[in-house]
Amino acid sequence: MAGKTAQENRAHEEMESKRVSLIELFYDLVFVYMISRATELLHHLHNGMISPTALIIFIFVVIVFINSWMVQTVFTNRYGESSWTNILFSFVDMAIILYMSNTFSATIDYNLQPFFIAASLLSVTLALQYALVYIKTDNQDDKDIARIFSIILGIRALSLLAAGFLPLPVGAPFAAAGILLSWIAPGFTGKYTSRHPVIFSHLLERLTLLIIITFGETIVGIAGYFTRNTLSWGSAFIFVTVVSLFLTYIIQFDHVIEDRRKGETGNRLIYLHYPILFGISMVTAAIELISEDKANIYFVITLLYAGILLFYSGLAVANTYNREGFRLNRAIIASFLSVTILAYLLCIALHTFFAATLITAVSTAACTGILIRALTLDSRKQPASLPR
């Protein structure tokens, strides 16, 4: 028994530094297209504003895709192997996601049944992977994890399948219920998942790569401001805004976070990335819309700053993962909030493209500067310096 425990400990130590595989990176490529398609939903204006229907569909679609990505990533983190079975599942899921990315629109009268059916099939493939773990493993903890996730994904698959064959007004609530269950339920599985913790560094790397992909869509979105006909001071201000947000993210998740944490379920790290992802998408849409004459400038500014606040809220929660001595106090977090709210009020008061882009660039750069200064002062008290 002792020999078996020692063997398991050695295996666990080897897994602590699990690398992100090329298959995982290839799998992420379909999400580049998915994010671009989902963000397009925020470009449909009604009376100068994003229609409530488009916004609801955007939230629903993003949760479906990102929740599926999270489930697959956590599965790979715990049980993924370079086997032909896992590779085949990855390729099948990629094909399904590509199809799903072309089956939704910003209008509620659009036929969403194909999207629901494809999402149901994706749920089945994810559930099957857990079912195989349940069949193959002799470890009771892994059996419990596989059983609970198979049930969650099975319910999601059935609800989406039902929605796919029912009229939209009847089927949509079924789909929403299944998606909400699969989104929220994993947060209550700690009783089981804590027995087989995730490899925190691997999960962190996967999430940061997803955020980089999302920022990639932002870069594509602002490219239109960098042509011979559109290049202006506003272009520079927009670029400073995007760079400032990106720097804030990588400082938090690449320099000061403790990536060798043990005994983590990964739930908090996963859930805090939802506001970050939604925030970046909202910022991207707002930046693209802010120069359009048909857009309501007050609405676009509000969308922009709502996205920035969502982004910062995710970073604030991540503060709990920081290395000892690099955790931000409430005064720093309050500074972020105060600067952002003040900038929003100034943008609303002046409500011009030039003023909004300038003020946003200054405020986001100021927040990045506040973060760097706070962490640099803290680093002087520590043996390790920033960045590491």
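Keep in mind the model is a prediction, meaning the values are calculated, not measured.

**Q** Lay out the domain arrangement of the chain with the relevant residues and their values.
**A** For the chain, the assigned domains are domain 1 (18-196) and domain 2 (198-380). One C-alpha centre belongs to domain 1, the other to domain 2, and the line joining them spans 26 Å. In this complex, domain 1 contributes 39 residues to the contact, which on the side of domain 2 involves 32 residues. It is Ile35, Met70 and Asn77 that lose the most area in domain 1 upon contact with domain 2, and together they represent 18% of the buried surface on that side. Counting across the interface, domain 1 meets domain 2 through two salt bridges. Between Asp28 and Arg206 there is a salt bridge, with the nearest N and O atoms lying 2.6 Å from each other. Scanning the region where domain 1 abuts domain 2 turns up ten residue pairs in polar contact (both at pLDDT 80 or more).

**Q** With reference to specific residues and values, describe the side chain of Thr103.
**A** Tracing the chain through its elements places Thr103 in the loop between helix 4 (84-100) and helix 5 (113-136). You can call Thr103 buried: its relative accessible area is 5%. At 2.7 Å, the side chain of Thr103 forms a polar contact with the backbone oxygen of Met100.

**Q** Can you tell me about the nonpolar core, naming the residues and giving the values?
**A** One finds Tyr130 and Phe253 to be the most contacted residues of the largest nonpolar core, which totals 110 residues. The biggest single contributor to this core is helix 3 (residues 52-79), with 16 residues. Looking at this core, you find at least three residues from each of domain 1 (18-196) and domain 2 (198-380). Among residues more than four places away in sequence, those in contact with Phe253 are Leu204, Thr208, Leu269, Leu272, His273, Ile276, Leu315 and Ala318.

Procedures and definitions
- Residues numbered from 1 in each chain as written.
- Predicted model: local features only at pLDDT ≥ 70, side-chain atom pairs only at ≥ 80, totals over all residues.
- Heavy atoms only, no water.
- Domains from an automatic or database assignment.
- Contact = heavy atoms within 4.5 Å.
- Buried area = accessible area lost by both parts, 1.4 Å probe.
- Salt bridge = Lys/Arg side-chain N within 4 Å of Asp/Glu carboxyl O.
- Polar contact = N/O pair within 3.5 Å; in protein donor to acceptor, adjacent residues only side chain to side chain.
- Helix = DSSP H or I, 4+ residues; strand = E, 2+ residues; numbered from the N terminus.
- Buried < 20%, exposed > 50% of the residue type's maximum accessible area, 1.4 Å probe, protein only.
- Core = buried A, V, L, I, M, F, W, Y, C linked by side-chain atoms within 4.5 Å.

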